[in-house]
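Coordinate analysis (summary)
The residues making up each chain are set out below.
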Amino acid sequence: MENNHLPNYLEYRGKYKGLLGWLTTTDHKRIGLLYMYSMLTFFATGAVLGILMRLELIAPGKQLMEAQTYNALFTLHGLSMIFLFVIPGVAAVFGNFILPIIIGAKDVAFPRVNLLSWYLYIIGAIIVLTSQFMGDGPPDTGWTFYAPYSLKTQTNVVAAVLGAFVLGFSSILTGLNFITTMHRLRAPGMGWMRMPIFAWTLYATGWIQLLATPIVGITLLMIAAERLLGIGFFDPALGGDPILYQHLFWTYSHPAVYIMILPAMGVISEIIPTFSRKPIFGYTALIISSMAIAFVGYFVWGHHMFTSGMSTGSRWIFSFLSFIVALPSAVKVFNWTATLYKGSIRLQTPFWWAMGFIFVFMIGGFSGLVVGSLATDIHVHDTYFVVAHFHYIVFGGTGFAFFAAMHYWWPKIYGRVYNAKIANIGLGIFFTGFNIIYFPMFILGMQGMPRRYYDYLPQFENWNVVSTIGSWIMVTGLIIIITNLLRARKATGKIVDDPWDGPTLEWSIKSPPIVENFEEIPVVTTGPYEFK
Amino acid sequence: MYSGASNLVTTTDNVFFLIIGISVFFLIGISATIIWFIIRYNNKKHPVAEQIHGSLTLEIVWTVIPLILVLIMFFYGWAGYSPVRDAPKDALNIEATARMWSWSFKYPNGVQTDTLIIPLNKAVVLDLISIDVVHSLYIPAFRIKEDMVPGRTNKMWFIGQKTGTYELFCAEYCGLSHSYMFTEVKVLEQQEYDNWMAQRSDTAAQAVAMAVPGAAGRRLIEVNGCLACHSTDGSKLIGPTFKGVYGQTITISTDGQTRQITVDDAYITKSIYEPDVDIVEGYRKGQMQSYKNQLNDQQVQQIIEYLSTLK
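So, on to the overall build of chain A. The helix and strand tally for chain A stands at 17 helices and 0 strands. Relative to its length of 532 residues, chain A is compact, with a C-alpha radius of gyration of 23 Å against a globular reference of 24 Å. Residues counted as buried form 67% of the 532 residues belonging to chain A. A separation of at least 24 residues holds for 82% of the contacts in chain A among residues at least 6 apart in sequence.

Together, A:Trp316, A:Ile317, B:Leu56, B:Ile60, B:Val64, B:Ile68, B:Ile72, B:Phe75, B:Tyr76 and B:Trp78 line one region of the surface with nonpolar side chains, adding up to about 940 Å² of accessible area. Secondary structure elements with two or more residues in the nonpolar patch: α11 (312-324) of chain A together with α2 (56-81) of chain B. For A:Trp316, the location among the structural elements is in helix α11. Of the residues examined, A:Trp316 reaches a relative accessible area of 37% and is grouped as partly exposed.

Quick look at unusual backbone geometry now. All names here are of chain A. Following Ala147, the chain continues into Pro148 via a peptide bond in cis, with omega recorded as 0°. Looking at the element boundaries, Pro148 is found in the loop between α5 (111-130) and α6 (149-152). Of note, the amide linkage connecting Ser511 to Pro512 takes the cis form, showing an omega dihedral of -10°. Mapped onto the elements of the fold, Pro512 is located in the segment after α17 (461-487). Unusually for a residue other than glycine, Phe145 sits at a positive phi of about 50°. On the basis of relative accessible area, Phe145 is assigned to the buried category, the value being 0%. Of note in this structure, Asn517 is not a glycine but carries a positive phi near 70°. Mapping Asn517 onto the fold places it in the segment after α17.

When the domains of chain B are assigned, the result is domain 1 (9-85), domain 2 (92-200) and domain 3 (209-309). The straight-line distance from the C-alpha centre of domain 1 of chain B to that of domain 3 of chain B is 59 Å.

Bringing the sheet that holds strand β11 (residues 249-254) of chain B into the picture now. Residues and elements named next belong to chain B. Within the open sheet, the 3 strands sit side by side as β12-β11-β13. Their pairing is antiparallel. Where the open sheet ends on each side, the last strands, each with one partner, are β12 (257-262) and β13 (278-280). Taking each pair of neighbouring strands and ignoring which way they run, the sheet shows an average axis angle of 40°. Two strands pair when backbone bridges link them, and β11 and β13 are joined in this way by 3 bridges, in the antiparallel orientation. Across the sheet, residue Thr254 finds its bridge partner in β13, namely Asp278. Contacts between helix α6 (residues 265-273) and the sheet are confined to β11, β12 and β13, with β13 contributing the most and set at about 100° to the helix.

Turning our eyes to something else, we now look at helix α10 (residues 283-296) of chain A. Residues spaced three or four apart along an α-helix point in a common direction, a consequence of the helix completing one turn every 3.6 residues. Between its first and last C-alpha atoms α10(A) spans 20 Å; for 14 residues at 1.5 Å apiece the expected length is 20 Å, and the two agree. Restricting attention to buried positions, one finds in α10(A) the residues A:Tyr283, A:Ala285, A:Leu286, A:Ile287, A:Ser289, A:Ser290, A:Ile293, A:Ala294 and A:Val296. Next to the buried residues of α10(A) lie α8 (197-229), α9 (242-276), α11 and α12 (326-340) of chain A together with α2 of chain B.

So, about the pattern of salt bridges. Under the criterion given, the structure shown has 16 salt bridges over all chains. We note a salt bridge from B:Arg259 to B:Asp278, for which the minimum N-O separation is 3.5 Å. On the criterion of sequence distance, the pair formed by B:Arg259 in strand β12 and B:Asp278 in strand β13 is long-range, its members being 19 residues apart. On the accessibility criterion, B:Arg259 (39% relative accessible area) is partly exposed. Taken together, the salt bridges that share partners define one network made up of A:Arg315, B:Arg85 and B:Glu146.

What counts, and at which threshold
Residues numbered from 1 in each chain as written. Chains lettered and ligands numbered in written order. Predicted model: local features only at pLDDT ≥ 70, side-chain atom pairs only at ≥ 80, totals over all residues. Heavy atoms only, no water. Helix = DSSP H or I, 4+ residues; strand = E, 2+ residues; numbered from the N terminus. Rg over C-alpha atoms; globule rule 2.2 N^0.38 Å. Buried < 20%, exposed > 50% of the residue type's maximum accessible area, 1.4 Å probe, protein only. Contact = heavy atoms within 4.5 Å. Patch = residues over 30% accessible without salt bridge, like charges linked within 9 Å, V, L, I, M, F, W, Y side chains within 5 Å. Areas by Shrake-Rupley, 256 points an atom, 1.4 Å probe, with all protein chains shown as cover. Salt bridge = Lys/Arg side-chain N within 4 Å of Asp/Glu carboxyl O. Domains from an automatic or database assignment. Pairing = 2+ DSSP bridges. Axes fitted to C-alpha atoms, helices over the stretch in contact; angles between N-to-C directions. Expected span 1.5 Å × (residues − 1).

So this is what it looks like as structure tokens:
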């Protein structure tokens, strides 16, 4: 091959070698991997905390730790999983690695800003993690920092809040970068309506990151100002309003769920056509539904507050809009299913992950109808039902898609295939464990067990035991999955450019890609999913 | 399900069945379709895929049908819920107060309890008051929950339709002992309720107070939730135990300066009104609310009288 002399992004030596070369890189692919490994570290941390929480809950009464420790544990579990794993999530890792290639660009629009985003992410993460060891002990507010508890607790809330504030800037800059990249750097011939769905979902996500994140930034600063300077925004003792905090917090934090899930849906929309060997069904409908989710998703935050004492009018309006936002997700599921029709389906690992995603995402979505409806939400709000719903959507949705993306693009990233058999076994164990942990929580919630409980009444014990056993099964699956992938980077993997015969542009180039992806920028003449 | 414990159970459980029924139908339907496609269009059986791009008709069908279904679900959810907002005029009005981490209930005649006791088949309105952080009053058997937000008074109402004892939880995370912020609702026959109320009414309480030294203070301590954090048997909870505290010499810290004092009337009064000023060694600041607006001087005196009996 004549282009053998061009180094790929892993071999390339710029100004610096080794680790320093990685820490000063502006290559979107290397930045994507920086995100991936830092995120997997935080994910592992959060998972260990989750396992410890499940162990504590295996029986009523004290098992391993005191209540204060447990409260700090679920706070850090939430902070690290949400702010350090799922919010940047699929977008920061695979958006960075794949987006420029899939639209035929050499890099993102602002490569240096891209590196800055990663540094902000790491600085924010360090602040959040050091908040655990400084001041008067680890924060015990939950990841929601509800006022006025977060103003009264003696624990180290300000540092955690400032960490989340810095992380917000990372997210804003990434969103801005991706939007600009798609506006300015699409390959010649790639009109908007020829852009792959994954890029479209990143586009919708970018706008949410850009418009919603500043709100939580300001809100967190208000918490810090109230704690440090005694300005009464939220504490009624100082003339503030706790409900105002909840509104501001959810105005961001509900759209943040769509920041997490939209790129995940994008990944699934890439995988299904490749392994069905046919174009995605309803390309336009999938784009419209993504933009609709991003738009309507702004106006549903109040469904987190049905019991807060909001006016009757706000309650039914937020409930109504929450039901409307369910439609675009339903449309997506129907289109994915229809893509399989009359396909020529190849049962390979990424395809199984996509099917696993659809199943758990459906359970998450349907349980969302229960919490979107006023009469039923009043019963299950702030119970384990919500914990189950949330984990089915955020872990089942985003988490499954993250692993699906790893299995789909791993050969692109490292140019080698992993052991498919081990990967499938890992997925099977993970999927089983996942459902054994989280499904019983629906039942516990229906029975009335509130969330964030260190201890519980004896009638809740049976399902808690089942759930804890599920956590051991799931973590076994996770270990198999991750070690199998990591091993495939070097020793075991067979060298390939395109193991899947993928239709999109990233599969038209070498694996691992060369430094600026394309020797010659391709000219696009068709839609994204055309199979000969 | 369908226990009939309150007026909300049947309507709420109907909505649960409607939504879960539709959900299970679609979950099974879609999953079965996917599995059938995977088997039928496996590349071994079906080597060449048909290049279909989509169908406007289908997009319309699978937008409109779910739209109708979600509107139905929304409607029943709203219809089942809307009575929750309109309490009858003749309801029994009880003031429910939450604090970290206990409950108290105050009846129109001034009687205070730490358990909610209500008459059968009578509408009850709760005025929901929190004196510190956000709590949430949740009675699972009644299918009812509403937050207790400091600085405002939310309301909830219900009718207990079956006698019995039901659990009452705090559902909004409120710190250290959130999971122990638990009490009970007792639904009594009207006659039983009246008897109970007669025993607890003010004159009776005063008679008891006259008879046993410290009894009035003991009742104040129970209904104000002090026992959630202070034991009377010497065990260490979030705050120091009450046992033997009166007259004891203790080490306290004021603005970082430690000193030794003897617990007397003035110290106890100050600890109730300004709990964050003098902190007993080994305990944390910021755990307790001021009871300035809850307890008057006479009541504090009764509490001191009770504490001095705890040797």
